[in-house]
Amino acid sequence: SMEQGLVVTQLDIEPGECIKVKGKIKSDAKGFAVNVGKDSNTLMLHFNPRFDCHGDINTIVCNSKEDGTWGEEDRKADFPFQHGDKIEMCISFDQTEATVKLPEAEFKFPNRLGMEKIQYLAVEGDFKVKAIKFS
Ligand SMILES: CCCO[C@@H]1O[C@H](CO)[C@@H](O[C@@H]2O[C@H](CO)[C@H](O)[C@H](OCc3cn(Cc4ccccc4)nn3)[C@H]2O)[C@H](O)[C@H]1NC(C)=O
């Protein structure tokens, strides 16, 4: 079965705080995802870089999930990832939007559910987590 990635629950991340995820993209990565929100069924942000999956090539797909139902997808123009990259991303949010900050790029996604805290983090797919930091 699909091996489960890192999951962190019982978090209490507030607006302006940052979740840092450091890791390595596998050399044969098809895609990976970073999910933040309340739990696996209620996501503020599903940040899903796709190298080659679901028919997408080198495309970041972002979405929200409310009570298990996906929202409208938001496909980003930039794709600042390469196979084998070691990356550090910093995820933060406010009442308006979530931000994924990378060294050379920044992505915004609306806080559609008006979430006031992040309690859940999951990293899935072809990404090897090396460290996480909450600040
Ligand atoms: C063209 C008509 C069909 O539309 C397609 O419908 C698919 C099913 O809803 C869309 O794919 C889903 O998009 C979601 C975001 O909107 C999620 O990315 C769905 O994947 C969830 C998921 C995570 N994981 C774990 C994982 C994550 C990354 C890599 C490996 C495993 N397994 N399944 C993914 O299956 C896919 O993005 C969508 N494509 C388009 C162009 O709209």
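Scroll up for the structure.
**Student:** Hey, could you run me through the sheet that holds strand S8 (residues 86–93) in this one?
**Tutor:** Picture the strands of a sheet paired through backbone hydrogen bonds; they go either parallel or antiparallel. Reading across the sheet, the five strands line up as S10-S9-S8-S2-S12 and stay open at both edges, with antiparallel pairing between neighbours. The open sheet has two edge strands with one neighbour each: strand S10 (105–110) and strand S12 (127–134). Adjacent strand axes in the sheet meet at a mean angle of 20° when their direction is disregarded. Judged from the seven bridges that link them, strand S2 (residues 19–25) and S12 form a sheet pairing that is antiparallel. Its bridge partner being in S12, Val21 is matched across the sheet by Ile132.

**Student:** What's the story with the nonpolar core in this structure? I'm lost.
**Tutor:** Grouped together as the largest cluster of nonpolar side chains are 33 residues, with contacts concentrated most on Phe32, Phe47, Phe81, Met89 and Leu121. Elements represented by at least two residues in this core include exactly S2, strand S3 (32–39), strand S4 (42–53), strand S5 (56–66), S8, strand S9 (97–102), S10 and strand S11 (120–125). Filtering out sequence-adjacent residues up to four positions away, Met89 remains in contact with Ile19, Lys20, Val21, Phe32, Val34, Val100, Lys101, Leu102 and Phe127.

**Student:** What should I look at first to understand the side chain of Thr42 in this one?
**Tutor:** With respect to the secondary-structure elements, Thr42 resides in strand S4. Excluding its chain neighbours within four sequence positions, the residues that come into contact with Thr42 are Gly37, Lys65, Asp67, Leu113 and Met115.

**Student:** What should I look at first to understand unusual backbone geometry in this one?
**Tutor:** What is expected of a backbone is that most residues other than glycine have negative phi and most peptide bonds are trans. A positive phi angle, near 60°, is found at Gln10, a position not held by glycine. Mapped onto the secondary structure, Gln10 falls in the loop between strand S1 (6–8) and S2. Assessed through its relative accessible area of 75%, Gln10 is described here as exposed. Despite not being glycine, His54 shows a phi value in the positive range, around 55°. Structurally, His54 is set in the loop between S4 and S5.

**Student:** So what exactly am I meant to see when it comes to the pairing of S4 here?
**Tutor:** On a regular strand, one side chain projects to one face of the sheet and the next to the other, so that they alternate. Of all 12 residues making up S4, 10 are buried, and the element is well covered by its neighbours. Where S3 lies against S4, five bridges are found, and the strand directions are antiparallel. Each residue of the ladder has a partner; that of Gly37, found in S4, is Leu43. Remark: two residues form the turn of the hairpin made by S3 and S4, two consecutive strands paired antiparallel. In the sheet, S4 pairs with S5 via eight bridges, with the strands oriented antiparallel. The residue of S5 that forms the bridge with Arg50 is Thr59. Counted between consecutive antiparallel strands, the loop separating S4 from S5 contains two residues, among which His54 sits at a positive phi close to 55°.

**Student:** How do you make sense of a positive patch on the surface when you look at a structure like this?
**Tutor:** On the surface, a cluster of positive charge is made up of Lys24, Lys86, Lys128 and Lys130. Following the sequence through the fold, Lys24 ends up in strand S2. Judged by its relative accessible area of 30%, Lys24 is partly exposed.

About the cut-offs
- Residues numbered from 1 in each chain as written.
- Predicted model: local features only at pLDDT ≥ 70, side-chain atom pairs only at ≥ 80, totals over all residues.
- Heavy atoms only, no water.
- Pairing = 2+ DSSP bridges.
- Helix = DSSP H or I, 4+ residues; strand = E, 2+ residues; numbered from the N terminus.
- Axes fitted to C-alpha atoms, helices over the stretch in contact; angles between N-to-C directions.
- Core = buried A, V, L, I, M, F, W, Y, C linked by side-chain atoms within 4.5 Å.
- Buried < 20%, exposed > 50% of the residue type's maximum accessible area, 1.4 Å probe, protein only.
- Contact = heavy atoms within 4.5 Å.
- Patch = residues over 30% accessible without salt bridge, like charges linked within 9 Å, V, L, I, M, F, W, Y side chains within 5 Å.
- Areas by Shrake-Rupley, 256 points an atom, 1.4 Å probe, with all protein chains shown as cover.
- Salt bridge = Lys/Arg side-chain N within 4 Å of Asp/Glu carboxyl O.
- Lys, Arg positive; Asp, Glu negative; His and termini not counted.
- Charge placed at Lys NZ, Arg CZ, Asp CG, Glu CD.

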